[in-house]
Number of protein chains: 2
Amino acid sequence: MSAPTTTQPVFATKRQRMTPETRRARILDAAQGLFLERGWDAVTIADVLDVAGISKGGFYHHFAAKEDLLDGVVERFTNEALSSAETAHAAATGDALTRFNAFLADTSRWKAEQAPQLKFFLDAMLRPGNDVLFTRITNASNTAAKPVLQGMIAQGISEGCFDVPDLTLVTETILAFSGGRRTAIERAIRAAEADDLDGGVDILTSRMVAEGALIDRLLGLPQGSIALCNSSEYRLMLRAIAQDGPPDRRIDDQSPP
Amino acid sequence: MSAPTTTQPVFATKRQRMTPETRRARILDAAQGLFLERGWDAVTIADVLDVAGISKGGFYHHFAAKEDLLDGVVERFTNEALSSAETAHAAATGDALTRFNAFLADTSRWKAEQAPQLKFFLDAMLRPGNDVLFTRITNASNTAAKPVLQGMIAQGISEGCFDVPDLTLVTETILAFSGGRRTAIERAIRAAEADDLDGGVDILTSRMVAEGALIDRLLGLPQGSIALCNSSEYRLMLRAIAQDGPPDRRIDDQSPP
DNA sequence: CCAAGTTACAGACCGACGGTCGGTATGTAG
DNA sequence: CTACATACCGACCGTCGGTCTGTAACTTGG
């Protein structure tokens, strides 16, 4: 009868107190990594707990539910996208077309210095079964970026250089391009990984040229007004990605260690 | 000690045998209704079992996993969309533009005789939390319809009346319109329900007019070539929907009966 | 018409996972 | 030092997807 009915917990490890923001950020870091790596439903709370080094009680003190993790992660990406769009918007000068062009070029730029992050991110996005995360991030980012883009187009209209049948629809259509870019990027990376770097660059280039041409039409601009292709950047980035070797594409690896 | 260790099941009710196809269809019916009503993750296998009137063993005899239900439901919608697109394609005659116009008009038509079904479907689609189902159906339908649409555009190009920078991208862009239509439809229905039928019709009309104008541009056609708006149909349908009273929008109703 | 085999089904059971709860350590204000 | 707030712990629980053993209904060969 030495064992009590209700077990009294004994804490072996020293407690580690952190400020709520820090703790939240740590947990979010862990969650984000796991989500990108394995996909939303394949990640359990226990996994996050493990990586974040916190207990269940601690977790639920900072988050109300597993869904909150997704919201938090998505919010991060959204804020990033939004601030990047806003700074690009603020940096642009000149007439509406010039500014719009600069804006597009900046937001769709592949910054060479962040190849590893981009590789990791793309890799995660292209992994099958990650649709939920991808969709949510894309939607949230587009929603956040929409007012900025729409504002620029509206200004172009008021300046008389854009001619558009329906402001909202045109904005949404341009935004929708980013969603479809996924497949092009995927094909390009596959080509680059298969030692066809130029092929990959071509895929990306023609896609972006086509997008530019369509935006011309959508905005009622003469052909060639919009250009958001930069093949040298594509080349740099694709090489960096391909050199890292093909990613680990297995998804249901349950083999014992 | 009269109770055996392993309970021997006793079947009270008469067994009801059905052909596999029928049973599958019945289960799919139940699942589809529940999915539309409550959303994918809010529906449990037990719910489906209940509505379909079958046991777990029976269910797993016909379906390998819960995911299979989604696939099955999505496949139904896809097939419907595909066959509708193909018949519309086959029915169209004349030059490429005429046929394309007829095709678009037919596939985007609101058939007045199926107001109840459409109401139920839209209602489900617009309900918050149904994004998964909506996304999957939209994606699958678009994927299925894409070859048909792309074929028509390609023919228009070869006939010399369409001028397009990138066939794939243009096709996808036109297809993407259907996704964004959701918000317009939602606003229109809300207006109609708020006794502003004309306002609702206007919303729909202007949206479709704008889509037509944009398709003109995408295909390199003179303004006004494409017209996929039919306000009288919108009026009929919106009235039918609004008269049925506002839908039941609660989502987390756990109140006991 | 019956025995043997196959298929459609029933329901007890299981493990995993999301979430709760009573309790414990670590501050901080008065 | 006391009182209160809060960060955190981990045993526990309910639910849900999925498995398994067993049974009734249909089919077929003799």
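Before any of the text, the structure's been laid out above.
Residues numbered from 1 in each chain as written. Chains lettered and ligands numbered in written order. Predicted model: local features only at pLDDT ≥ 70, side-chain atom pairs only at ≥ 80, totals over all residues. Heavy atoms only, no water.

Chemist: How should helix α5 (residues 96-107) of chain B be read in this particular structure?
Modeler: The α-helix advances 3.6 residues per turn, and as a result positions three or four apart in sequence lie on the same side. Spanning 12 residues, α5 of chain B covers 16 Å between terminal C-alpha atoms, matching the ideal 16 Å at 1.5 Å per step. Buried residues belonging to α5 of chain B abut α4 (66-91), α7 (131-158), α8 (167-193) and α9 (197-218) of chain B. (Helix = DSSP H or I, 4+ residues; strand = E, 2+ residues; numbered from the N terminus. Expected span 1.5 Å × (residues − 1). Contact = heavy atoms within 4.5 Å.)

Chemist: Help me understand the pattern of salt bridges in this model?
Modeler: If charged atoms from side chains of opposite charge come close, those side chains can pair. Tallying each qualifying case throughout the model produces 28 salt bridges over all chains. The partner of arginine 190 of chain A in a salt bridge is glutamate 186 of chain A, with the nearest N and O atoms 2.9 Å apart. On the criterion of helical spacing, the pair formed by arginine 190 of chain A and glutamate 186 of chain A is a turn pair, its members being 4 residues apart in helix α8 (residues 167-193). Here the residues in one salt-bridge network are Lys146 and Glu172 of chain A together with Arg181, Arg207 and Glu211 of chain B, joined through shared partners. (Salt bridge = Lys/Arg side-chain N within 4 Å of Asp/Glu carboxyl O.)

Chemist: Any chance you could explain unusual backbone geometry here in plain terms?
Modeler: For residues besides glycine, phi is generally negative; the peptide bonds are generally trans as well. All names here are of chain A. In this structure, aspartate 195 takes a positive phi of about 65° despite not being glycine. Along the chain, aspartate 195 falls in the loop between α8 and α9 (197-218). What makes aspartate 195 exposed here is its relative accessible area of 76%. (Buried < 20%, exposed > 50% of the residue type's maximum accessible area, 1.4 Å probe, protein only.)

Chemist: How should I be thinking about the interface of chain B and chain A in this particular structure?
Modeler: Where interface size is given, it is often the accessible area lost as the parts come together that is meant. Contact residues are listed per partner, giving 19 residues for chain B and 19 residues for chain A. Summing both partners gives a buried area of about 1600 Å² for chain B against chain A, and 67% of it is carried by carbon and sulfur. Here arginine 207 of chain A makes a salt bridge to glutamate 172 of chain B, at a shortest N to O gap of 3.7 Å. For the pair chain B and chain A, the interface holds 5 residue pairs in polar contact (both at pLDDT 80 or more). Secondary structure elements with two or more residues in the side of chain B that touches chain A: α8 and α9 of chain B. (Buried area = accessible area lost by both parts, 1.4 Å probe. Polar contact = N/O pair within 3.5 Å; in protein donor to acceptor, adjacent residues only side chain to side chain.)

Chemist: I tried to follow the relation of the copies chain B and chain A on my own but got confused; where do I start?
Modeler: The second copy of the chain is related to the first by a rotation about an axis and a shift along the axis. For the pair chain B and chain A, the relating rotation is 180°, the translation along its axis is 0.0 Å, and the fit reaches an RMSD of 0.1 Å. Accordingly, the operation relating the two chain copies is best matched by a two-fold axis. Across chain B, the smallest distance between a C-alpha and the rotation axis is recorded for arginine 217 of chain B, namely 2.9 Å. The overlap is high: 100% of the interface residues of chain B also sit at the interface in chain A, so the same surface is used on both sides. (Least-squares fit on C-alpha atoms with pLDDT ≥ 70 in both.)

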